[in-house]
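Remarks on the overall topology
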Amino acid sequence: MVLAFASVVAFGQAEVPSYATQQEYEFSKNLGGIIDPLILNDRVSVTWSSNGVGALYRWETAHGEWEWKFANCITGNVVRAFDHSALASALRDAEVRNAQEKRLNLQVIFFDSALLSMEFSLGQNRWEWRDREKKLTKLPASERPGQQRRGNISPDGKWRIETKDFNLRLVAMDGSSEIALTEDGKQTDFFASALWSPDSSKVLAMRRKPGDRKDMYRITVRTADDVRPSLTRQPYDLPGDKLDADRWVLIDIPSGKVTDVQAREMDFPWDRRVFWSADSRYFVYYDLHRGYQQVDVNKVSASDGSVASLLSDSSKTFVDPNNFKVERSPDGKSLYWLSERSGWNQIYKIDCDSGKIDQLTDGKFVVNSYQFPPGASGDMLVEISGRESGNPYNSYWYRLDQKSKKLSLLTPGDGHHTASVSPDGRWVFDAYSRPDFPFQYSIRDASNGKEKVSMGACDASAFLKAGFEFPKPYITKDRDGKFDIYGLAWVPSKRASRGKLPVIEYIYAGPHGHHTPTSFAPYSRNQMIAEMGFYVYQVDGRGTNGRGKAFQDYSYQNLGDAGLPDHMKWAKEFTEIIPEMDLTQGVGIYGYSAGGYDSTRALIAHPDYYKAAVSLCGNHDHRTDKVWWNELWMGYPITDAYKEQSNIENAAKIEGDLLVIAGLDDDNVNPFAGTMQLVDALVKADKRFDMKLLPGRNHNLGGWYVDRMIIDHFLRHFQRKRDGMSP
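Just so we're clear, the structure is a prediction, and the values are computed from it rather than from any experiment.

What counts and what doesn't
Residues numbered from 1 in each chain as written. Predicted model: local features only at pLDDT ≥ 70, side-chain atom pairs only at ≥ 80, totals over all residues. Heavy atoms only, no water. Helix = DSSP H or I, 4+ residues; strand = E, 2+ residues; numbered from the N terminus. Buried < 20%, exposed > 50% of the residue type's maximum accessible area, 1.4 Å probe, protein only. Contact = heavy atoms within 4.5 Å. Areas by Shrake-Rupley, 256 points an atom, 1.4 Å probe, with all protein chains shown as cover. Polar contact = N/O pair within 3.5 Å; in protein donor to acceptor, adjacent residues only side chain to side chain. Pairing = 2+ DSSP bridges. Axes fitted to C-alpha atoms, helices over the stretch in contact; angles between N-to-C directions. Core = buried A, V, L, I, M, F, W, Y, C linked by side-chain atoms within 4.5 Å. Salt bridge = Lys/Arg side-chain N within 4 Å of Asp/Glu carboxyl O. Phe/Tyr/Trp six-rings, centres within 6.5 Å; stacked < 30°, edge-to-face > 60°. Parallel < 35°, antiparallel > 145°, perpendicular 65-115°, else oblique. Left-handed = near helix turned anticlockwise from the far one by under 90°. Arc of directions from axis to C-beta. Patch = residues over 30% accessible without salt bridge, like charges linked within 9 Å, V, L, I, M, F, W, Y side chains within 5 Å.

Things to note about the overall build of the protein chain
The secondary structure content of the protein chain amounts to 13 helices and 42 strands. C-alpha extents for the protein chain along the principal axes are approximately 90 × 70 × 60 Å. Here the protein chain holds 727 residues, and 54% of them are scored as buried. Sequence separation of at least 24 residues holds for 56% of the intrachain contacts in the protein chain that already meet a minimum separation of 6. Element-wise, carbon and sulfur atoms account for 48% of the exposed surface of the protein chain, whose accessible area totals about 32300 Å².

And the structure:
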């Protein structure tokens, strides 16, 4: 310890305050409330008018005050949407006592710009306001849906299907008759569901052979009614477990004939997506093979159960179901398919009758989503990232002409764009920003992207005047110089002299997404930690999603890498931009869930760089966590890679200052299978560590107490202390 402290001093850390005051803690704790009044209009959304003329939206005029505006897409004008004073007065007359002209906190449901009428909810009530007549009407409470009739009702309303004793039976809606549809179902092979054909002549039923269905257990320290701890049992499939196996059967209602569909038994019981054809001639279903290396979409004849393949995606690594998507076209005659078979997520169109496949988009970019606006004459609106220059994760919206396959940009502007399309498909509300660039709002013509209404921008001038700074983006190359790596750094405000400061990384490297923020968000936990005297950064390294298959494939059977070499390279280069980021005393790292695994992994794989870690709700061994997530990235059947990349198996290699935190009621990542098994391994390896177990907390720990534990850990490690406490 003497040598360690001496090295810190030798590297100039005398500049760092030796303690954290209570005032610093209070500032960090209340940071959200401090920042919020300094930002205006950072969360604007719209309600489209019923006649398609424009959009209603709330616009802040000062902190805690706003007005409702109407953007007219025909004239391009923005006006006050209604008489605020009259509505506030009418609400007070109706005994809504807190109604104020400048604080009408309405949840607008419907707006008619021609009649100047709107329907909104306020508190527990629904209202209608007619602005011309200055008339307020309290509407009847929404009728609660009646209790659903038991069973699956046929489209013609004559029959319903019920399950009894593992079988299906047909019950007349008028109660006149009951017919047994199946008789051979049993506990080990039962009928699990049924789906009617559109013409009510057939039923598509699923038979299921149950898997192991083993349980996980959690201990609740104390319930409201008893001082004794209670045990919670939860069905929880782990990698390698025997899972439910399903197969389809067709039942002809007039004849009662049961036909087995001539397809393989489905071995992965998730996402049973089925589409019946409008004429009931066939159905289409989606079959994800266990191990995620193949996905089939098959067409099944309703007359004899014969199967034809419409499409198949396969990979030596994985077909990511977060990218793969199959949806039916609005006319029901085709399927639209998002696939990475080219290496990039693109749109394909499949004719259900002929089986012809037509690729609609092509390029080194990622299609994230699409929609079919009304009146678009077959055109699609498509959300794409990576096609424009700049941050490769920024999304832009385009119009796609399916015949020419031409993409037309609708939302220009360097940033991440979110869009809302008017019900008639004519207009697009565009909100775009970057972490270092506040939101800009406009309405654009959905046919060509021309701006029709400039609605204004988020105002962050008071935020900057108060001494805060926007997060700092930076793009560099990965460890091999092949891919661009995007990251973001948060800096403490200028309320005190900064000098050189220690560095903390926030990590979440789950391959199912990309995680470094792309939009303007002035308040975050990372900023909270920075305010305690740190620089904080976050990076999307190789192995995460959103950058094409080659980039994401690096995670396959390789979650232990977590992109950390890319993160380290990014930070070392970024110190040339902010030399006050002091990496010489090592870096702290924290993360939740998969990030809890990643932060602990950093102390195993890179102890020369990462010196302190906080692991929250970590899934520390991919054999002890949920089957679907871990088999997707680590593969099936189970291989030695699971053991090799287990934090529990490698606990003896952990170097540095580790704090593990878990909620004892976590039903997502079981704390006794993950965190407590890691703790057991650390004890057996005679490793020093800190532990916080939180009774009654689930996977979303949240709250200041946990934030303070994270901050305390890093303050103590980097030779600082709380008032009256030694580090």
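Some thoughts on the side chain of Asp 582
Residue placement: Asp 582 occurs in the loop between helix H8 (564-574) and strand E39 (587-592). A distance of 2.5 Å separates polar atoms of two side chains, one belonging to Asp 582 and the other to Thr 584.

Remarks on the sheet that holds strand E14 (residues 202-209)
Reading across from one edge, E13-E14-E17-E18 is the order of the four strands in this open sheet, with antiparallel pairing throughout. Two strands in the sheet have a free side with no partner beyond their single neighbour: strand E13 (190-196) and strand E18 (258-260). Going across the sheet, the axis of each strand differs from the next one's by a mean of 30 degrees, ignoring polarity. Examined bridge by bridge, E14 and strand E17 (residues 245-252) share eight bridges and lie antiparallel to one another. Across the sheet, residue Met 206 finds its bridge partner in E17, namely Trp 248.

What about the nonpolar core?
If you look at the biggest cluster of nonpolar residues, it comprises 131 residues, and the most contacted ones within it are Ile 443, Tyr 537 and Tyr 610. If you tally residues by element for this core, the top one is helix H13 (residues 704-717), at seven residues. Of all hydrophobic cores here, the second largest spans 22 residues; its members include Phe 70, Leu 91, Leu 122 and Trp 129.

Digging into the pattern of salt bridges
If you walk through the whole model with that rule in mind, you get 49 salt bridges. For Arg 281, the salt bridge identified is with Asp 279, shortest N-O distance 2.6 Å. Take Asp 279: its relative accessible area is 43%, and that puts it in the partly exposed class. Bridged by salt links that share partners, the residues Arg 208, Arg 213, Asp 244, Asp 246 and Arg 272 form one connected network.

Quick word on the packing of aromatic side chains
Following the criterion strictly, the structure yields 34 aromatic pairs and no others. Centroid distance Trp 59 to Tyr 441: 6.0 Å. Interplanar angle 85 degrees. Geometry classified as edge-to-face. Linking Trp 59 in strand E2 (residues 54-62) with Tyr 441 in strand E33 (residues 437-445), this pair joins segments that are 382 residues apart in sequence. Residue class for Trp 59 comes out buried when judged on its relative accessible area of 11%. Note on Tyr 609 and Tyr 610: the rings are 4.6 Å apart at their centroids and 80 degrees apart in plane angle, and the pair reads as edge-to-face. Like Tyr 609, the residue Tyr 610 is buried in the burial classification. Within the aromatic cluster, the residues linked to one another by ring pairs are Phe 27, Phe 463, Phe 468, Phe 470 and Phe 520.

Examining the sheet that holds strand E21 (residues 294-301)
Ordered by their spatial adjacency, four strands build an open sheet running E19-E20-E21-E22, and the pairing between neighbours is antiparallel. The strands lining the two open edges of the sheet, one partner per strand, are strand E19 (274-276) and strand E22 (307-314). Across the sheet, the axes of successive neighbouring strands diverge by a mean angle of 15 degrees, strand direction being ignored. Inspection of the sheet shows E19 paired to strand E20 (residues 282-288) by three bridges, in the antiparallel sense. Bridged to Phe 275 within E20 is Val 284.

Examining the pairing of E13
Strand direction decides the pairing type here: E13 and E14, joined by six bridges, are antiparallel. Bridging across to E14, Leu 195 finds its partner in Leu 204. Hairpin connection of E13 to E14: five residues between the antiparallel strands, including Ser 200 at a positive phi of 65 degrees.

Quick word on unusual backbone geometry
A cis amide bond, omega 0 degrees, links Tyr 636 with the succeeding residue Pro 637. For Pro 637, the position within the fold is in the loop between helix H10 (627-634) and helix H11 (640-644). The backbone of Glu 95 shows a phi angle near 70 degrees, a positive value even though the residue is not glycine. Relative to the helices and strands, Glu 95 is located in the loop between helix H4 (84-93) and strand E5 (107-112). The exposure class of Glu 95 is exposed, given its relative accessible area of 68%. With a phi angle near 65 degrees, Ser 280 is a residue other than glycine that sits in the positive phi range. Residue placement: Ser 280 occurs in the loop between E19 and E20.

Some points on the packing of helix H2 (residues 22-29) against H13
The geometry of H2 relative to H13 is characterised by a closest axis approach of 11 Å and an angle of 135 degrees between their N-to-C directions. Between H2 and H13, the angle falls in the class oblique. Regarding H2 and H13, the two cross each other, and that crossing is right-handed. On the side of H2, the interface is formed by Tyr 25, Ser 28 and Lys 29, while H13 contributes Trp 704, Arg 708, Ile 711, Asp 712 and Leu 715.

Some details on helix H12 (residues 675-684)
Buried residues of H12: Thr 675, Leu 678, Val 679, Ala 681 and Leu 682, and no others. Projected down its long axis, H12 shows its buried positions confined to an angular sector of 165 degrees, all on one face. Exposed residues pointing more than 90 degrees away from the buried face of H12 are listed as Val 683 and Lys 684. Considering only its buried residues, H12 is in contact with helix H9 (594-605), strand E41 (657-663) and strand E42 (690-694). Once H12 ends, the next one or two residues include Asp 686, with phi positive near 60 degrees.

Examining the pairing of strand E30 (residues 406-409)
Of the strand pairs in this sheet, strand E29 (residues 395-401) and E30 are connected by four bridges, and their pairing is antiparallel. Note that in E30 the partner of Arg 399 across the bridge is Ser 408. Linking E29 to E30, which pair antiparallel, is a turn of four residues; within it Lys 405 sits at a positive phi near 65 degrees.

Overview of the side chain of Ser 329
Residue position: Ser 329 is located in the loop between strand E23 (325-328) and strand E24 (334-339). For Ser 329, a relative accessible area of 6% corresponds to the buried category. Among the polar contacts listed, one links the side chain of Ser 329 to the side chain of Asp 331, at a separation of 2.6 Å. Polar side-chain contacts of Ser 329 include one of 3.4 Å to the backbone nitrogen of Lys 333. For Ser 329, the residues in contact, after removing those within four places along its chain, are Ser 334 and Tyr 336.

Points about a nonpolar patch on the surface
Together, Tyr 217, Ile 219 and Leu 231 make up an exposed nonpolar region whose accessible area comes to about 300 Å². Here Ile 219 shows up in strand E15 (residues 215-220). What makes Ile 219 partly exposed here is its relative accessible area of 40%.

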